[in-house]
Amino acid sequence: MSSLLEVSGVSVSFDGFRAINNLSFSIGPAELRAVIGPNGAGKTTFMDIVTGKTRPDAGRVLFGEKSISLLKRSEAEIARIGVGRKFQRPTVFEDQSVADNLMMALKSARGPFRVLFWRPGPADHEKVEALAAEVGLADQLARKSGELSHGQKQWLEIGMLLAQEPRLLLVDEPAAGMTLAEREHTTALLVQLAKTRAVVVVEHDMEFVRRLNCKVTVLHEGSVLAEGSLDHVTADPQVIEVYLGR
Amino acid sequence: MLRLFLAVLAALLLATGGLRAEPVGQILDTNRALIQKSSRLTIGPVIDALATSGDDRAEAVLQAWGDKHLGIRKSDGAFVLITRKGGDYVLTAPDGKAAGTAKRSDIDALRPNAGVRRLIDGALVQFQLNAPKRATRAAALDIIDRHPEAGQLKPLEASIPGEFDPGLRSRKERMLRLLTIRFGDDGAARIKAIESFGADTGLDLRGALNPLLDTKRVVTRAGETPPGNVARQLIPGKGIGDAAAYDLLVKAGDAPARLTPVARKQALEANIEGGKVGGVPVPDLSDPEARDRAYSALEQAGKVPQAATAAEVAAAVAAHAYWDVYAEPSKEVTDAARAALSKIALKVDGMEAFDLLLEALSLASIYFLAAIGLALTFGVMGVINMAHGEFIMMGAYTGYVVQQWIPNYTVSLLVALPLAFAVTFAAGVAMERLVVRHLYKRPLETLLATFGVSIALQQIAKNIFGTQARPLTSPAWLDGAWVLNDVVSISYIRIAIFVLGLVFLLLFLFVMNRTRLGLELRAVTQNPAMAASMGINPDRINMLAFGLGSGIAGIAGIALGLFAKVTSELGQDYIVQSFMTVVVGGVGNIFGTLAGAALIGTLQKGIEWLNPSNTLAAQTYMILFIILFIQVRPRGIIALKGRAAGD
Amino acid sequence: MSAYLRKNPSVLWFLAILALFVVAVTLMSPGTGSGMISTSFVKTLGKTLCLAMVALAMDLVWGYTGILSLGHMAFFAIGGYMIGMWLMYARTEEIVVKALSQSPIPPTPDEIFHGIGTQIFGVVGSSKMPLIWTFAGSLPAQLALVVIVPAVLAFVFGWLAFRSRVAGVYLSILTQAMTLALSLWLFQNDSGLRGNNGLSGLQNIPGLGGVSQDWLSIWFFWASAAALALAYILLAWVVSGKFGSVIRAIRDDEQRVRFLGYPVEGFKLFVFALTAVICGIAGALYYPQAGIINPAELAPIASIYLAVWVAIGGRGRLYGAVMGAVFVSLLSSWFTGGRAPDVPLGFGTIHWVDWWQVLLGLAFVLVTLFAPQGLGGLVDLVTGLRHPGRHGAPLGPDQGSLQEKEAQE
């Protein structure tokens, strides 16, 4: 099985501190993967590298069938290629309505001139309504997103991510701040999504990871410590030492 | 004393070429008419004759003449030296014998004009070179320095063996070599003199060498070579313009003057006949070619002078050769002079580069002083303070006001420095409390709000002190300059500013790294929430830091005020450069600010050196450079890396 | 169309008020109406409309996109210089031709050209026509340059700045440096634009020597009003669609917009260049009414005043920018014109000519601190429009509403 994203031998250091150290990672086109690790293991930096926010000092990051290198590309280009990212804290544009937020995320031309002359058609409105319904915000479309509750903002952001129709989804602690019911809904949604695309979930909450029921990658000090099913990695004495045991 | 006298005697004998001594009295008598109506243009030979007469009374007579103590006795027309005594004159004959006394009305005192007196002074130099008083000898050397002449060569040379003052002796020896270069008649000796200087950078040497290389532009027929010491040939279009070449021909009388458009127009206007000029209707004359036709027709009719057409000009220019010829006939001497000058030029270039470096350093320290407060508020705290320039201005005005109260400039400076710090510290703290504090999370609005403060402060300063510049006078010990040689010099005030910059750098490092305040400041900068939970009061720290930054601006204001005039726009003139310094250097690091100031100072001086006539353009180019520099290093020379830099 | 108006209810209001204003001024002007107001006041009003147009541009670039440019008055002045070159050249040509026609034989083109050069550049000790005046004889060419030069300058500068991710206060300082560089360059005598003398006599329109200033002033007033109306309609259209959404999103969190796949730099560049062009056009209308332009007009401080107008009017809404520009600039000319009554105090007298700047500076600080919505906030009170309840105080467009940045943990 060919992989959708292949990260190999990536290193990056900040002022001498090696945040990522010879990290290799790959994920298939329709796979769900959980990434766990203690604080400072390099989870966020890993996502920064894949999305183009941080440039690694060494290594390769290849994406898709044509093995496009992501290293030289800007964040926007990488997003257009098909990498979506959900931030840990919901970042939606609070000054704009839910509909505007979703409309902006909707997959379409991104250049300034095309955007200037773009006007939403009926199909676009339908799509936005469908997405809003999927994330439970159907009746909130006209509201400013700043007025939403924390959980609703999380959902709105997930909706925006779906609107982008990415092939690879990077999700940073999706369950934070959610109620139990919402977590279940999120789990179901992530599993559902992983059927058609690759999903990487960075999570602290072991219960949540267990519920995802997928392959787990453990990061420690910037490189992969262990990989496999949750039961497999939790049995690993090294993992227990650095992460679970203490 | 006797030895000196003997030496003088020997020198005089030598100078006059031996024994032929003509009594001065006789010379005066033979040139009576010239002396009585003396004029600078005609008196030269007489003075020379006196000076070289060999008579040991020559000096006394010349001195008396120059001092207006030479007269003619009306009764017999004899020349007498006069000394006033009461209402009368005591007379001395030119040969030194006493000649009794006379009433003032009996003597016609000569009053040589300034030009003649200068000639006399020049002639006296050879005597003064051996004068017993050191000051007189030094004064004589000064005269030679200012007006070097061929005639001074021999007396100067003769005076050296008798000179026992080491300072004057070496000066005389140097001057002798300089005079030899200019006026010596032995080519080999002149070349030796030139070479003896090596790469001496003295202005006097260059003053002696440069005239040797004076050239005259001459024209010959093509193929011929002009007589004399040729410097170079000039090819028209290269080295000499076609127009200049033709002008040279016209001047040499080898070609008729060219027809200028203005002359042509005047000629045409003078020859309008029945609405036509030379057969061409007047309305057609807006075309230059029609004008040419009309002029040619007039030329043929003989109504206007012949004038060279473009083709004739080109032919004439091509038929001649153009040369630069040295006034100095000896090729060896000009070659030696050129070689010496190029050696000197190299050394002078080196010194100029050093001088430029000094100036750059001083400009850099000015920028550093202006920017260091900003580096604290903008760099460390992330707060942009557009009123920083006005704090600088406030400091400068504080200095001015203190000077109004304390007349002693040194004392007033000592009072003004801490006072300026206090005033601007207070102003900074007030602004932080009232304005900036509420805007910590909104940098752009801080920029605007502090700008509002800046507008207000500037106008208030204008209202109080008026728009004219106020002087901030530096104490006398800061006047003047440290002069290394003719090329390199730097004023004490610039040195003082440099030292002040250095002091502030050390002070800043000390405060940041060695004091409690610095520790807390760094803590607040890096993580305010954490710092607060450790018991540090971020409000207080921010306030102090802001006050400190502003206080430093106030002291910088005094320094800048000493350097430039104090106006309400003083700060505004420096604010953009200060921000550039901080931004180019790298935010959040004092060494970055230092590097930025060094870069900007050097750059500005360098550009000014390349284009000295235009300091405005220099600033333009510098800013353009900075904009491009930001492309290469967006975070400045010394940048924080990684997550700490924050996105 | 209806969607456009629904999104921009202010457009109709704005056009209606502007139309009323134009009619009123027309009726009162010396050229077309009763002469209740003077020609110079008509010019002042016309100029104010041009300034309002610049404020609109500034609002788009700052209020909507979050780029605090301190360089837009430079583009305004460049527009003025471009039209000024033609005005001065053509007008001087008329004078020179007339003077030369007195001589017995007709002048050659060369003589006319030289005469113009001497007339224009005599003050800076030159008679040569600089290269940049190549097209000065042609009105269409100079009109094109009014648009092209600011656009190219903005494009090049913006490309350099945005490409290296210079943002926030850094960008502000950099734009200020650009303005300073430009003004210092223009201050030189050999810049080819007459150094600190600037271009003058611009109020005399070549070919319209027979038309009185009474009429010219009202024509320019109409032209300024029309340009302002067009600019308003255009910008309202720009900010109403998805483009508006994206630029406001860039203002609030540009990193997030990048992760949505939008080329943020391209959008900023487009906005920067578009607003530069609007400024250029406004300048081309302003300076014939002002009569003179010199490098002091593009001193960095002018651009900061522009920011002051927009801030006082209220950022992020087009009518706010217009209100701010009109209100502050008219008030400013009232105070500095010496028409405001002096205030006698016990210990001295407040001469507003001297103290107006102080007042303005302090007012500006107060508005920034206490009324980030500016005068536009008053409109909210009237219409009862409510903004979403935010966490804490409104933060303004700089940081947007988003304090919770994931990147910072």
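Residues numbered from 1 in each chain as written. Chains lettered and ligands numbered in written order. Predicted model: local features only at pLDDT ≥ 70, side-chain atom pairs only at ≥ 80, totals over all residues. Heavy atoms only, no water.

Topic: the overall build of chain A
How we decide: Counting from the N terminus, the helices are DSSP H or I runs at least four residues long and the strands are E runs at least two residues long. As defined in this context, the radius of gyration uses C-alpha atoms, and a globule is described by 2.2 Å times the residue total to the power 0.38. When accessible area is computed with a 1.4 Å probe and restricted to protein chains, residues below 20% of their type maximum are described as buried, those above 50% as exposed, and intermediate ones as partly exposed. Whether two residues touch is decided by their heavy atoms; if any such pair falls within 4.5 Å, the residues are in contact. Computed with a 1.4 Å probe, the accessible areas rest on the Shrake-Rupley method; for each residue, only the protein chains presented here act as cover. By the counting rule applied here, Lys and Arg register as positive and Asp and Glu as negative, while His and the ends of each chain are not counted. Lys charges are placed at NZ, Arg charges at CZ, Asp charges at CG and Glu charges at CD.
Along its length, chain A carries ten helices and ten strands. Relative to a compact globule of 246 residues, whose C-alpha radius of gyration would be 18 Å, chain A shows 18 Å and is just as compact. With the principal axes as the frame, chain A shows a C-alpha extent of 55 × 40 × 35 Å. Across the 246 residues in chain A, those meeting the buried criterion constitute 57%. Of the contacts formed within chain A by residues at least 6 apart in sequence, a portion of 67% connects residues at least 24 apart. Summed over its atoms, the accessible surface of chain A is roughly 10,300 Å², and 51% of this surface lies on carbon and sulfur atoms. Across chain A, 29 positive and 31 negative side-chain charges occur, with their mean positions spaced 5 Å apart.

Remarks on the overall build of chain C
Along chain C, the regular secondary structure elements total 15 helices and four strands. Taking 2.2 N^0.38 as the reference for a compact globule, 409 residues should give roughly 22 Å; the C-alpha atoms of chain C span a radius of gyration of 23 Å, in line with that estimate. In terms of its C-alpha atoms, chain C occupies a principal-axis envelope of roughly 85 × 55 × 50 Å. Counting only contacts in chain C whose residues sit at least 6 apart along the sequence, the fraction spanning at least 24 positions is 75%. For chain C, the computed accessible surface area is about 15,800 Å², with 68% contributed by carbon and sulfur atoms. Separation of charge centres in chain C, based on 22 positive and 19 negative side chains, amounts to 7 Å.

What to know about the interface of chain B and chain C
Filter applied, for reference: Summed over both partners, the accessible area lost on bringing two parts together, with a 1.4 Å probe, is the buried area. What qualifies as a polar contact is a pair of N or O atoms within 3.5 Å, subject to a donor-acceptor requirement within protein and to the restriction that residues adjacent in sequence count only when both atoms come from side chains.
Across the contact, 52 residues belong to chain B and 60 residues belong to chain C. Around 4,900 Å² of area is buried between chain B and chain C when both sides are counted, 73% of it from carbon and sulfur atoms. Contact with chain C buries surface across chain B, with B:L444, B:L448 and B:Q631 losing the most and accounting together for 14% of the total. One can count seven residue pairs in polar contact (both at pLDDT 80 or more) joining chain B with chain C. Only α13 (261–269), α14 (288–300), α19 (443–465), α24 (570–585) and α26 (615–632) of chain B provide two or more residues apiece to the side of chain B that touches chain C.

A word on the side chain of B:S568
All names here are of chain B. Structurally, the position occupied by S568 is in the loop between α23 (538–563) and α24. The exposure class assigned to S568 is buried, which follows from its relative accessible area of 3%. Excluding anything up to four places from it in sequence, S568 contacts M393, Y397, Q458, A461 and K462.

Some thoughts on unusual backbone geometry
Residues and elements named next belong to chain A. One non-glycine residue, S67, lies in positive phi territory at about 50 degrees. Among the structural elements, S67 can be located in the loop between β4 (58–63) and β5 (68–69). With relative accessibility at 42%, the residue S67 sits in the partly exposed group. With phi around 45 degrees, E221 is a residue other than glycine that occupies positive phi space.

Some words on the nonpolar core
For clarity, the cut-off: Among buried residues, the Ala, Val, Leu, Ile, Met, Phe, Trp, Tyr and Cys ones that are joined through side-chain atoms within 4.5 Å form a nonpolar core.
Counting residues in hydrophobic clusters, the biggest one holds 273 residues, and the most contacted among them are A:V199, C:W62, C:L68, C:F76, C:W133 and C:F243. Take this core: its biggest share by element is 17 residues, from helix α4 (residues 72–100) of chain C. Contact partners of A:V199, with chain neighbours within four places excluded, come to A:I27, A:E31, A:L32, A:R33, A:L169, A:V171, A:L190, A:L193 and A:A194. Counting residues in hydrophobic clusters, the runner-up holds 29 residues, among them A:L4, A:L23, A:V35 and A:I78.

Some points on the sheet that holds strand β4 (residues 98–103) of chain B
Residues and elements named next belong to chain B. Stated formally: Strands pair, by our definition, only if DSSP identifies at least two bridges between them. For helices, the axis comes from a line fit to the C-alpha atoms of the stretch in contact; other axes are also lines fit to C-alpha atoms, and the angle between any two N-to-C directions lies between 0 and 180 degrees.
In spatial order, the strands read β4-β3-β2-β1-β5; together these five strands make up an open sheet with antiparallel pairing. What marks the edges here is a single partner per strand, and that holds for β4 and β5 (107–109). Going from strand to strand, the sheet's axes swing by 40 degrees on average, the running direction of each strand aside. Bridge analysis of strand β1 (residues 70–73) against strand β2 (residues 79–85) gives three bridges, and the strand direction is antiparallel. Across the sheet, residue I72 finds its bridge partner in β2, namely F79.

Some words on the interface of chain C and chain A
The following threshold applies: Here, a salt bridge means any Lys or Arg side-chain nitrogen found within 4 Å of an Asp or Glu carboxyl oxygen.
On the chain A side, the residues contacting the 37 residues of chain C number 41 residues. In total, chain C and chain A occlude about 3,800 Å² of area from one another, counting both sides; carbon and sulfur atoms represent 58% of this. One can count three salt bridges joining chain C with chain A. Elements with a contribution of two residues or more to the side of chain C that touches chain A: α8 (213–240), α9 (242–252), α10 (254–259) and α11 (264–290) of chain C.

Observations concerning the pairing of strand β7 (residues 229–236) of chain B
All names here are of chain B. When β7 meets strand β11 (residues 320–326), the two strands line up antiparallel, connected through five bridges. Bridging across to β11, L234 finds its partner in Y322. As defined by bridge partners, β7 adjoins strand β8 (residues 239–240) across two bridges and the pair is classed as parallel. From the neighbouring strand, P236 faces β8, where its bridge partner is I240.

Some details on the domain arrangement of chain A
All names here are of chain A. To be explicit about the condition: An automatic or database domain assignment provides the domain bounds reported here.
Under the domain assignment used here, chain A contains domain 1 (1–82 + 166–246) and domain 2 (89–165). Between the C-alpha centres of domain 1 and domain 2 there is a distance of 25 Å. Opposite the 15 residues of domain 1 that make contact, domain 2 presents eleven residues. Between domain 1 and domain 2, a total of about 1,100 Å² is buried, with carbon and sulfur atoms accounting for 68% of that surface. Contact with domain 2 buries area across many residues of domain 1, yet P166, M178 and L189 alone supply 37% of it, more than any other trio.

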